[in-house]
Amino acid sequence: MLELRNVSKMAGGEYHIRPTDLTLQRGTLNVLLGPTLSGKTSLMRLMAGLDRPTDGSINFDGVDVTGVPVQKRNIAMVYQQFINYPSLTVYENIASPMRIAGKDAATIDREVRKTADLLRLTPYLDRTPLNLSGGQQQRTALARALVKNAGLVLMDEPLANLDYKLREELRVELPKIFAQSGAIFVYATTEPSEALLLGGNTVTLCEGRVTQFGPTIDVYRRPADLITAKTFADPPLNFIEVIKSGGSFRHGDSDGMPVPSHLANVADGPMTVAFHPHHLGLSAQTSSSAHIRARTQISEITGSESFVHLDFKGIRWVMLARGIHDIDPDTEIEVFLDTRHLMAFGTNGRAIATAAAY
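Small disclaimer: the values here were computed from a predicted structure and weren't measured.

The rules behind each value
Residues numbered from 1 in each chain as written. Predicted model: local features only at pLDDT ≥ 70, side-chain atom pairs only at ≥ 80, totals over all residues. Heavy atoms only, no water. Salt bridge = Lys/Arg side-chain N within 4 Å of Asp/Glu carboxyl O. Helix = DSSP H or I, 4+ residues; strand = E, 2+ residues; numbered from the N terminus. Buried < 20%, exposed > 50% of the residue type's maximum accessible area, 1.4 Å probe, protein only. Axes fitted to C-alpha atoms, helices over the stretch in contact; angles between N-to-C directions. Parallel < 35°, antiparallel > 145°, perpendicular 65-115°, else oblique. Left-handed = near helix turned anticlockwise from the far one by under 90°. Contact = heavy atoms within 4.5 Å. Nonpolar A, V, L, I, M, F, W, Y, C, P; charged D, E, K, R; others polar. Pairing = 2+ DSSP bridges. Core = buried A, V, L, I, M, F, W, Y, C linked by side-chain atoms within 4.5 Å.

*Asks:* Which parts of the structure should I look at to understand the pattern of salt bridges?
*Replies:* Two side chains bearing opposite charge may form a pair once their charged atoms approach each other closely. What the rule picks out here adds up to 15 salt bridges. The closest approach of N and O atoms between Arg295 and Asp330, which form a salt bridge, is 3.4 Å. One end of the pair, Arg295, is in strand S16 (residues 289-301); the other, Asp330, is in the loop between strand S18 (315-322) and strand S19 (332-338), with 35 residues separating them in the sequence. With relative accessibility at 33%, the residue Arg295 sits in the partly exposed group.

*Asks:* Whenever I open this one, the packing of helix H2 (residues 90-100) against helix H4 (residues 134-147) confuses me. Can you help?
*Replies:* When two helices pack together, their arrangement is given by the angle between the helix axes and the distance between those axes. It is at 8 Å that the axes of H2 and H4 come closest, and there the two elements cross at 25°. By the criterion of interaxial angle, the relationship of H2 to H4 is roughly parallel. Of the two elements, H2 crosses H4, and the hand of that crossing is right-handed. Across from Val90, Asn93, Ile94, Ser96, Pro97 and Met98 in H2, the residues of H4 making contact are Thr140, Ala143, Arg144 and Val147. Here the contact of H2 with H4 is composed, by residue class, of six nonpolar, three polar and one charged.

*Asks:* I tried to follow the sheet that holds strand S6 (residues 75-79) on my own but got confused; where do I start?
*Replies:* Within the open sheet, the six strands sit side by side as S6-S7-S8-S3-S9-S10. Their pairing is mixed. Pairing within the sheet leaves two strands with one partner each, and these edge strands are S6 and strand S10 (209-215). Neighbour-to-neighbour, the strand axes of the sheet open up by a mean angle of 15°, direction not taken into account. Strand direction decides the pairing type here: strand S3 (residues 29-33) and strand S8 (residues 184-189), joined by five bridges, are parallel. Looking at S8, one finds that Leu32 is bridged to Ala188. Its contacts with the sheet place H4 against S6, strand S7 (152-156) and S8, and it is angled at close to 170° to S6.

*Asks:* Which parts of the structure should I look at to understand the pairing of strand S11 (residues 238-245)?
*Replies:* Here S11 shows a clear split, with Asn238, Ile240, Val242 and Lys244 buried on one side and none of Phe239, Glu241, Ile243 and Ser245 buried on the other. Across seven bridges, S11 lies against strand S14 (residues 269-275) in antiparallel orientation. Note that in S14 the partner of Lys244 across the bridge is Gly269. Where S11 lies against strand S12 (residues 248-250), three bridges are found, and the strand directions are antiparallel. Bridge pairing in S12 places Lys244 opposite Phe249.

*Asks:* It is not clear to me how the sheet that holds strand S1 (residues 2-11) should be interpreted in this structure. Could you clarify?
*Replies:* What links the strands of a sheet is backbone hydrogen bonding, and the strands pair in either a parallel or an antiparallel sense. Within the open sheet, the four strands sit side by side as S2-S1-S4-S5. Their pairing is antiparallel. The strands lining the two open edges of the sheet, one partner per strand, are strand S2 (14-24) and strand S5 (63-64). In this sheet, strand S4 (residues 55-60) lies alongside S1 in antiparallel orientation, the contact comprising five bridges. Counted as the bridge partner of Ser8 is Asp55 from S4. Against the sheet, helix H1 (residues 40-48) contacts S1, S2 and S4, and its axis sits at roughly 60° relative to S2.

*Asks:* How should the nonpolar core be read in this particular structure?
*Replies:* The nonpolar side chains of a soluble globular protein tend to be buried with one another. Residues Ile94, Val112, Leu142 and Phe185 are the most contacted members of the largest nonpolar core, which totals 41 residues. Apart from residues no more than four positions distant in its own chain, Val112 is found in contact with Tyr91, Ile94, Ala95, Met98 and Leu125. Within the second largest apolar cluster, 27 residues are counted, among which are Met257, Ile292, Met319 and Val335.

*Asks:* I'm lost on the packing of H2 against helix H3 (residues 105-118) in this one. Help?
*Replies:* Orientation of H2 relative to H3, taken along the N-to-C sense of each, is 130°, at an axis distance of 10 Å. Here H3 runs oblique to H2, going by the angle between their axes. Crossing handedness for the pair H2 and H3: right-handed. Across the interface between the two elements, Tyr91, Ile94, Ala95, Met98 and Arg99 of H2 pack against Ile108, Asp109, Glu111, Val112, Arg113 and Ala116 of H3.

*Asks:* What is the right way to look at the environment of Gly208 in this model?
*Replies:* Structurally, the position occupied by Gly208 is in the loop between strand S9 (201-206) and S10. For the pair Gly208 and Ile17, spaced 191 residues apart in sequence, the C-alpha separation works out to 4.3 Å. If near-sequence neighbours (up to four positions away) are discounted, Gly208 is found in contact with His16, Ile17, Arg18 and Ser38.

What follows is the structure, encoded as structure tokens:
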């Protein structure tokens, strides 16, 4: 078990990591999710022993390891910027941690070939890293970490440099690998979709602060605050400040929007309601859909779906619509919001109510 107790890190008089309490259990996958500069790498460096916390302590399996250097910890690390031994073959790169640990030749050969097969490296075992593509080099670094049998495996956006097909395959395979190990896995990413696919637990971060920690699907469905909801949204979360008055939400001089049943008991007053882009559409999906007129700004077509950027009374929204929708800019259109998916947040940003449907 890895325990961070009131751990913080300051540099130049500013917090890189604000006071944090976090407990990660053995045999779990834990995703650090947040945008660039949110503190993911800083937190991983503290966990690894590469940096010493300004305050607080770090315990591993009941032992205080605060200040213990990385060389004296049983950890493995994989970075987006792949690191391999340039003079060694792929086989020897993967085998190197097992050789250092004194494993016998048969065990080393079995584990190297099994891991190489999983990561599609078998044809390249006799090559050196300089004769590999960037993706192949990253897979070699990942394989070396997996065979180390470390108690803590830290992975900082390890799939970012891989091609789409392999990245998707590994996102499916990695949780299976993690499930078979008694190690603690920590996986940093900027992509909410990657966190959802990997599952496990998720730690959401914003400006060096942990905003929420729990089972990944629970954090996504029941964000504790608006910051967490925004962190766990790609495309960006849509939101609007409203005043609830009885059975209506009002924004400025708008006609108002009916309050859905799951928010009926929320106290009247100002609040922010939010929803994901795929809950806004060009047609009504249910009888609870609210009709809204908005003006288009730009359409981004990916082939199977379109991201239509909208302006609603000066507020920027994104609608995710299935199929190709090439709508001219500055066109007023009618869109439909399924209000069952609305989340409500107070003026302090804390969640008042989560969505009734997902």
